[in-house]
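Inside the fold
Listed here are the chains, written in short residue letters.
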Amino acid sequence: MAAQLQCPLVASVFLCCLIGVRSAPDPRLREALIELEASMQTGGRMVLTDAEQRLDARLSELKWEEASRPDFPPALHFFSARRLIQTSPVFGLLQKMPKGGALHVHDFSMVDVEWLVKNATYRPHCYMCSTDDASVRFTFSSRWPRRLPGCSPWVLLENLRSKMVNATELDNSIRANLTLFTDRDPEAAFPSQDAVWGRFEEAFRAVWGLVTYAPVFRDYYYQGLTQLYADNVMYLELRALLPQVYELDGSSHDRAWTLKTYQDVTKRFVSEHPDFYGARIIVVNNRRANRSAVAEAVEEAMQLRKDFPDFVAGFDLVGQEDRGKPLWYFRDALSLPAEKGITLPYFFHAGETNLEGTEVDQNILDALLLNTSRIGHGFALVRHPVAINLSRERGVAVEVCPISNQVLKLVKDLRNHPAAALMLENHPLVISSDDPAMFGSSGLSYDFYEAFVGFGGLKSHIGSLKQLAINSIRYSSLPAQQQKEAMVLWQRRWTEFVAENAFLKTN
């Protein structure tokens, strides 16, 4: 037997509540209003099976216990909250939950930094130098590499480690350069948006020489898929720069080779993990580039999509919005596909800002004018009522990345994240992790926790989680038939998850 969270009353009854009366308010109308609001939220009209209702009751009890904690994790900076989250029974359930697809993840921040340190930097021919601004650079070479400007002489890591009794301190130092995560007070470590973004971009520069070495590149991507799969994610849309990957002899490959390698590794992973549906690539370029560079990038993306029609999803511009150029600046370059009658879907980062009234703040509207398929972050969306209505009418989902928005200092307490309002209105949205390795998270479970327990509040429930997972397939770039196939695969795993967890005790 199934139960449904119903929209309780017709509009005329609702209007009765608005008519001023002198008598005491009718408690039945109050209850009707509460039920009406509940039905409007994400998953509010979801049909729940008996097993799902039992699991929902369990989750509700666990969430109430979580909310009563004095150290409520969503109210804390993620770096301080991570250990608390890891011990949470709610988080334990979310890890088991089939979450569908990860639709907003960047190429070189998807794998746990520990893997980079223990795997990549321990490979033969790995050199490291220290920069003048206290960071590091890496390269792999069959010969002693040329010295980089602003960097110390290269050191062969295998030689350096061979002289040490214990390399733990060195490994910890390397690790600290490849991620933002710190055991220090994060507010003191990153006092401003500029400070945290500066460190964020520096970490990417440090990672670059490791992950663009061909053998590491292949293994890194495979490991990224492995970690998503372990977190019960079944599909990925990866934003990728498509760098010129290099070999030990210094030769390099073009972007088509890089894309083909992504495709080949994906096929191998799917063949070894049949319940992982696959991956697609969103080609990206930096928004600090000039118009001509972006025009070239758009032209190249059109060609790559023609050459890899089933693998290239579309195009995006990335980088700090507040420091980059607004979308309108690139309108001519971004109009090239339409002018040529070529389809190149856009998945624009837009509204990753808390500055109101600036040109960057208008990126939300400009993304919709340019027919974006989804909106990356969309933190500023709630300040644009026209954009809210347009995105809802067009089915343009917002890719919400809670931990990223907090770490990069758009919001301090995740209970106050603007996505709370979007969830209450069942606005199209998906949950993703952006740059998990940079933030000390992995997969999607940490971000689902912050969404479900934090800005989802006590009103969100198993129907909300189910809807968010379904949204990740519904708003993916997959063609309709493939979405149906992915839904069948996800539904089977969801049914198993509910059956396995509905009768477990809460304590």
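Residues numbered from 1 in each chain as written. Predicted model: local features only at pLDDT ≥ 70, side-chain atom pairs only at ≥ 80, totals over all residues. Heavy atoms only, no water.

1. Details of the side chain of Ser39
Relative to the helices and strands, Ser39 is located in helix 2 (residues 27-40). Within polar-contact distance, the side chain of Ser39 engages the backbone oxygen of Leu36 at 2.7 Å. (Helix = DSSP H or I, 4+ residues; strand = E, 2+ residues; numbered from the N terminus. Polar contact = N/O pair within 3.5 Å; in protein donor to acceptor, adjacent residues only side chain to side chain.)

2. A closer look at unusual backbone geometry
Outside of glycine, negative phi angles account for most residues, and trans bonds account for most peptide bonds. Its identity is not glycine, yet Ala134 carries a phi of approximately 65°, on the positive side. By secondary structure assignment, the location of Ala134 is in the loop between strand 4 (126-130) and strand 5 (136-140).

3. Examining the sheet that holds strand 7 (residues 235-240)
The strand order across the open sheet built from 4 strands is 3-7-8-9, with neighbouring strands paired in parallel fashion. With one partner strand each, in any of the chains shown, strand 3 (101-106) and strand 9 (312-318) form the two edges of the open sheet. Averaged over all neighbouring strand pairs, the angle between strand axes comes to 25°, with direction disregarded. In terms of strand pairing, strand 3 meets strand 7 through 4 bridges, oriented parallel. The partner of Ala102 across the bridge, within strand 7, is Leu236. Along the sheet face, helix 12 (residues 255-272) touches strand 7, strand 8 (278-286) and strand 9 and points at about 155° away from the line of strand 8. (Pairing = 2+ DSSP bridges. Axes fitted to C-alpha atoms, helices over the stretch in contact; angles between N-to-C directions. Contact = heavy atoms within 4.5 Å.)

4. Focus: helix 10 (residues 193-211)
Turn by turn, an α-helix covers 3.6 residues, leaving residues three or four places apart pointing in a common direction. Its 19 residues place the ends of helix 10 26 Å apart at the C-alpha level, agreeing with the 27 Å of an ideal helix rising 1.5 Å per residue. Residues of helix 10 that are buried: Gln193, Val196, Trp197, Phe200, Glu202, Ala203, Ala206, Val207, Gly209, Leu210 and Val211. (Expected span 1.5 Å × (residues − 1). Buried < 20%, exposed > 50% of the residue type's maximum accessible area, 1.4 Å probe, protein only.)

5. Points about the state of the cysteines
If you walk through the whole model with that rule in mind, you get 1 disulfide. Between the sulfur of Cys129 and that of Cys151 lies a disulfide, 2.0 Å long from S to S. Its S-S torsion of about 90° marks the bond between Cys129 and Cys151 as right-handed, since a negative value means left-handed. Remark: Cys151 occurs in the loop between strand 5 and strand 6 (155-156) and Cys129 occurs in strand 4; sequence separation between them is 22 residues. (Disulfide = S-S within 2.5 Å.)

6. Overview of the environment of Lys412
Mapped onto the fold, Lys412 is located in the loop between helix 18 (402-407) and helix 19 (419-424). Owing to a relative accessible area of 62%, Lys412 belongs among the exposed residues under this scheme. Each C-alpha atom of the pair Lys412 and Glu187 lies 9.9 Å from the other, and the pair is 225 residues apart in sequence. The residues contacting Lys412, other than those within four sequence positions of it, are Ala75, Glu187 and Gln406.

7. Describing the packing of aromatic side chains
One pass over the structure, following the stated rule, counts 25 aromatic pairs. Aromatic side chains Tyr229 and Phe276 sit 6.5 Å apart centroid to centroid with 70° between the ring planes, which places their arrangement in the edge-to-face category. You can see Tyr229 sitting in helix 11 (residues 214-230) and its partner Phe276 sitting in the loop between helix 12 and strand 8, a full 47 residues away along the chain. With a centroid separation of 5.5 Å and an interplanar angle of 50°, the aromatic rings of Trp494 and Phe497 are classed as tilted. Of the two residues, Trp494 and Phe497 both sit in helix 23 (residues 480-501), 3 residues apart, roughly one turn of that helix. Judged by its relative accessible area of 5%, Phe497 is buried. Among the aromatic side chains, those forming a connected cluster through ring pairs are Phe108, Trp115, Trp208, Phe217, Tyr220, Tyr221 and Tyr262. (Phe/Tyr/Trp six-rings, centres within 6.5 Å; stacked < 30°, edge-to-face > 60°.)

8. Observations concerning the nonpolar core
Counting 144 residues, the largest nonpolar core has Leu178, Leu236, Tyr262, Phe315 and Leu334 as its most contacted members. Sequence-distant contacts of Leu236, defined by excluding residues within four places in its chain, comprise Ala102, Val105, Met110, Tyr221, Leu225, Leu228, Phe276, Gly278, Ala279 and Arg280. (Core = buried A, V, L, I, M, F, W, Y, C linked by side-chain atoms within 4.5 Å.)

9. Some points on the side chain of Ser460
By the secondary structure assignment, Ser460 is in the loop between helix 21 (445-455) and helix 22 (462-474). Since its relative accessible area comes to 5%, Ser460 is described here as buried. Within the local environment of Ser460, its side chain forms a polar contact with the backbone oxygen of Gly457, the two atoms lying 3.0 Å apart. Excluding residues that lie within four positions of it along the chain, Ser460 makes contacts with Gln41, Lys63, Met423 and Phe452.

10. Here's the deal with the sheet that holds strand 11 (residues 374-377)
Reading across the sheet, the 4 strands line up as 10-11-12-13 and stay open at both edges, with parallel pairing between neighbours. The two strands at the open ends of the sheet, each matched to only one other strand, are strand 10 (349-350) and strand 13 (429-431). By the bridge criterion, 2 bridges tie strand 10 to strand 11 in an arrangement that is parallel. The partner of Ala350 across the bridge, within strand 11, is His377.

11. Here's the deal with the pattern of salt bridges
Per the counting criterion, the structure on display carries 23 salt bridges. Close ionic contact of Arg175 with Glu114 constitutes a salt bridge, the shortest N to O distance being 2.8 Å. Of the two residues, Arg175 sits in helix 8 (residues 168-177) while Glu114 sits in helix 6 (residues 113-118), which places them 61 residues apart along the sequence. Judged by relative accessible area, Glu114 falls into the partly exposed class, the value being 31%. With its nearest N and O atoms 2.9 Å apart, the salt bridge here joins Glu202 to Arg205. Placement of both Glu202 and Arg205 in helix 10 is noted, with a separation of 3 residues, approximately one turn of the helix. (Salt bridge = Lys/Arg side-chain N within 4 Å of Asp/Glu carboxyl O.)

By themselves these figures say nothing about function.
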